[in-house]
Amino acid sequence: MFEITGKKELAPHIKWIEVKAPHVARAAKAGQFVVLRLHDRGERIPLTLFRWDKEKGTIELVFQEVGKTTYELGTYNVGDKIRDIVGPLGMPTHVENFGTAVIVSGGVGAPIGYAVTKALKEAGNYVITIAGFRSKEFVILEDEFKKVSDELLITTDDGSYVRKGFTTDVLKELIDSGKKIDFVFTVGPVIMMKIVADITKKYGIKTYASLNPIMVDGTGMCGACRVTVGGEIKFACVDGPDFDAHQVDFDELMMRLTEYRDEEKIALEKYLKEVQ
Amino acid sequence: MPKQIRKKRIKVPEQDPEARIHNFNEVALGYTFELAIEEASRCLQCPQNFAPCIKGCPVDVNIPGFIRKILERDIKGALEIIQETNSLPGITGRVCPQEEQCEMNCVMGKLGDKINIGKLERFVADYARKQGIMSEIKMAPKNGKKVAIVGSGPAGLTAAADLVKMGYEVTIYEALHEPGGVLVYGIPEFRLPKEIVRYEVKYLQMLGVKFETNAVIGKTKTLYELLDEYDAVFLGTGAGTPKFLNLPGVNLKGIYSANEFLTRINLMKAFKFPEYDTPIKKGKRLAVIGAGNVAMDAARSALRVGYEEVYIVYRRTREFMTAREEEIAHAEEEGVKFMFLVSPTGFIGDENGHVRVLKLIMNELGEPDESGRRRPRPIPGTEFGLEVDAVVFAIGQKPNKVLYQEVPELKVTKWGTLVVDDKYRTTMKGVFAGGDAVRGEATVVLAMGDGKKAAKAIDEYIKTGEWPAKIKPQNF
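Residues numbered from 1 in each chain as written. Chains lettered and ligands numbered in written order. Predicted model: local features only at pLDDT ≥ 70, side-chain atom pairs only at ≥ 80, totals over all residues. Heavy atoms only, no water.

1. Re the overall build of chain B
Secondary structure assignment for chain B yields 16 helices and 16 strands. Taken against the 2.2 N^0.38 rule, which gives 23 Å for 476 residues, the C-alpha radius of gyration of chain B at 23 Å falls within 12% of a compact globule. Taking the principal axes of the C-alpha coordinates as reference, chain B spans close to 65 × 65 × 50 Å. Considering chain B as a whole, with its 476 residues, one finds that 61% of them fall into the buried category. Of all intrachain contacts in chain B linking residues separated by at least 6 positions in sequence, the fraction that spans at least 24 positions is 70%. Taken as a whole, chain B presents about 19,600 Å² of accessible surface, with 51% of it coming from carbon and sulfur. Here chain B contributes 68 positive and 63 negative side-chain charges, whose respective centroids are spaced 2 Å apart. (Helix = DSSP H or I, 4+ residues; strand = E, 2+ residues; numbered from the N terminus. Rg over C-alpha atoms; globule rule 2.2 N^0.38 Å. Buried < 20%, exposed > 50% of the residue type's maximum accessible area, 1.4 Å probe, protein only. Contact = heavy atoms within 4.5 Å. Areas by Shrake-Rupley, 256 points an atom, 1.4 Å probe, with all protein chains shown as cover. Lys, Arg positive; Asp, Glu negative; His and termini not counted. Charge placed at Lys NZ, Arg CZ, Asp CG, Glu CD.)

Encoded structure:
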């Protein structure tokens, strides 16, 4: 059992929790994730690692309430316990001093975007972070990003904060301005990562994307998370979650993510009815 | 008066096929006390030093010995004899391929039906469990040495049981949230109730074995860290990575590995969705590619979650199927349909990306391959489509590389299995391995046999400190 030691609402339906999980905190690296199960009847869901503290033995997670399990997790308070947390899982993001690195982060990709930004900064890169959100009220982790980025470019879809536009618009402008970019890391909605990959491919900029397919065990056992990369079948949970974005079949990933849409709806509606 | 020989096996009561495809309860109901005694009375009681059945058992159970105890109505005595060499009788009694092992050698086979050794073993375990009968366990005094076991499947559980009895402090690391490995995620409830696995795990806990779930060695802790903490490490990590055929459309929705399909159902209880949170897709027609035990498990599980028509699609002919006869018979009784001499060539999806057609081609059998089985050859121009709502790949698994991908000292074969010698020593000092991690894909009882032999070798290593300069690979 893993106790929740901190909780905050960052934006509507986006929550931050800190959990006592020393076995994960001691080994965690940027780009990795955990799989958790709330209780004996719970499903196993992957959540990316935002921050961790080896000394305190805690990990921090940021999640959006979208399905039954995340809604239920959102009701857990400080002192409540999560039944199972396993991790850290997946390959850590490959970090080296590329020179100038750009992180393109969309929505709730922000926690992993932050972790990777911090790691790239610590490796000596000049780090430019492009963080996009739906609107002002959904902007999260701005202060955190600021601390670990040389430049932070925030954008909102509706222009209610800083500027209007998608992250991909900002990326294009940055490239067009003649800035030399050595490495791009992208995490967020699949469609955004796909467009990022399309843009950087034209310019031959090495780009990695952190993928978020459906997972069950998260340890390479089931293949639910399989993605096509360079024509080969890869398991995102153990071969990824980061892959060369220019090789990823994003359309297939988008399609596979909808597999349980009906069931997700049934489960969420049943849950919301029960708690009302 | 000479002993009367009863040629016919005492039938094991089973759930009716019509009823059982609507539930996950166990199919074979097992012998009652009276039936067990009747079946036990058929045993010719070969002497222990000769009994061919014992020679066929990978964990050397004294079979005539425990059968005699059943006849004497001494179930505790029977259990004690079994548990001298086999810590998991409730499991082996259900899932061992007895027909290829102990029962294959049974002398009664020359006179009539062979003794139903598996079901008698199961009877002893079940009766003891229900009556709260425990065997007197001989535990050596604690020796202060520590052994880590990675993986809580049959190999790991067996090694742990033997080592803890020898006086070692044993910790089992398990990646999933529940111990048991393939016994809980793979083998369905109707073949091996999870209550049995939990009972055996509790028994080990009672002996003092510690379980650390949610621990992925290679991620949560490295093998190097384990070697610092423990005097020896046993890897029983199984063959957990599913194989797919990279055919056009293989990643369409509705196409699963048997591992995913079975894990959702067995471990996550998706058949009880939405009472349980994990979903499983339902539909009318499902095809399973493959014809081993896992394929049968997947096909029979599919019927139970509500698929109306379930096909086993196999590239060879019936006689080459690798599943146990009992499993094939059960699948047939339940209405699973078999298509032989066909191979998949691709999948066609609908506008939502969900599989709708499994494309197949007909085969003929050619020359025998390295396994001695005749190799299927596709016949040009015979392609056809089978309309489906779901497809399950049950074409085998390979070892999961998560643990050793960053341990260059551990040598693996070209099949991804760990290299070990005849004492189950890997190429890394202090590290032993057994079960599917070294065999590829085998059976529960062979994994248990490995766990036993490895436990003995671990004991020897810790006592002597001896490790060979070169590991001479054992062939499986």
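2. Observations concerning the domain arrangement of chain A
Residues and elements named next belong to chain A. When its domains are assigned, chain A resolves into domain 1 (2-89) and domain 2 (100-256). Domain 1 and domain 2 are separated by 21 Å when their C-alpha centres are compared. In this assembly, 19 residues from domain 1 lie in contact with 21 residues from domain 2. Interface of domain 1 and domain 2: buried area, both sides summed, is about 1,700 Å²; carbon and sulfur atoms make up 71% of it. Broken down residue by residue, the surface that domain 1 buries against domain 2 is led by Gly31, Arg44 and Phe50, which jointly contribute 27%. Linking domain 1 to domain 2 there are zero salt bridges. The interface formed by domain 1 and domain 2 holds two residue pairs in polar contact (both at pLDDT 80 or more) in total. Looking at the side of domain 1 that touches domain 2, its residues break down into 13 nonpolar, four polar and two charged. (Domains from an automatic or database assignment. Buried area = accessible area lost by both parts, 1.4 Å probe. Salt bridge = Lys/Arg side-chain N within 4 Å of Asp/Glu carboxyl O. Polar contact = N/O pair within 3.5 Å; in protein donor to acceptor, adjacent residues only side chain to side chain. Nonpolar A, V, L, I, M, F, W, Y, C, P; charged D, E, K, R; others polar.)

3. So, the pairing of strand 11 (residues 355-368) of chain B
All names here are of chain B. For strand 10 (residues 342-349) and strand 11, the ladder comprises seven bridges, and the chain directions are antiparallel. When the sheet's bridge partners are listed, Phe347 is paired in strand 11 with Leu358. Linking strand 10 to strand 11, which pair antiparallel, is a turn of five residues; within it Gly353 sits at a positive phi near 80°. In terms of strand pairing, strand 11 meets strand 13 (residues 384-387) through four bridges, oriented antiparallel. Bridging from a neighbouring strand, Val357 pairs with Glu387 of strand 13. (Pairing = 2+ DSSP bridges.)

4. Re the interface of chain B and chain A
Every contact between the two is made by 46 residues of chain B and, on the other side, 52 residues of chain A. Between chain B and chain A, a total of about 3,900 Å² is buried, with carbon and sulfur atoms accounting for 54% of that surface. On the chain B side of the contact with chain A, Lys219, Asn251 and Asp277 of chain B bury the most area, a combined 19% of that side's loss. Applying the counting rule to chain B against chain A returns five salt bridges. Between Asp239 of chain A and Lys401 of chain B there is a salt bridge, with the nearest N and O atoms lying 3.1 Å from each other. Between chain B and chain A we count 27 residue pairs in polar contact (both at pLDDT 80 or more) in total.

5. Considerations on the pairing of strand 7 (residues 285-289) of chain B
Successive side chains on a regular strand alternate, one facing one side of the sheet and the next facing the other. Residue and element names in this part refer to chain B. For strand 7, the buried fraction is high: four of the five residues fall into the buried class. Sheet topology places strand 7 next to strand 8 (residues 309-313); five bridges connect them, and they run parallel. Its bridge partner lying in strand 8, Ala287 is registered against Tyr311. On the question of chirality, the crossover connecting strand 7 to the parallel strand 8 by way of helix 13 (residues 293-305) is right-handed. Bridge count between strand 7 and strand 14 (residues 390-393): four bridges; the pairing is parallel. Across the sheet, Val288 pairs through a bridge with Val392, a residue of strand 14. (Right-handed = clockwise from strand over helix to strand, strands pointing away.)

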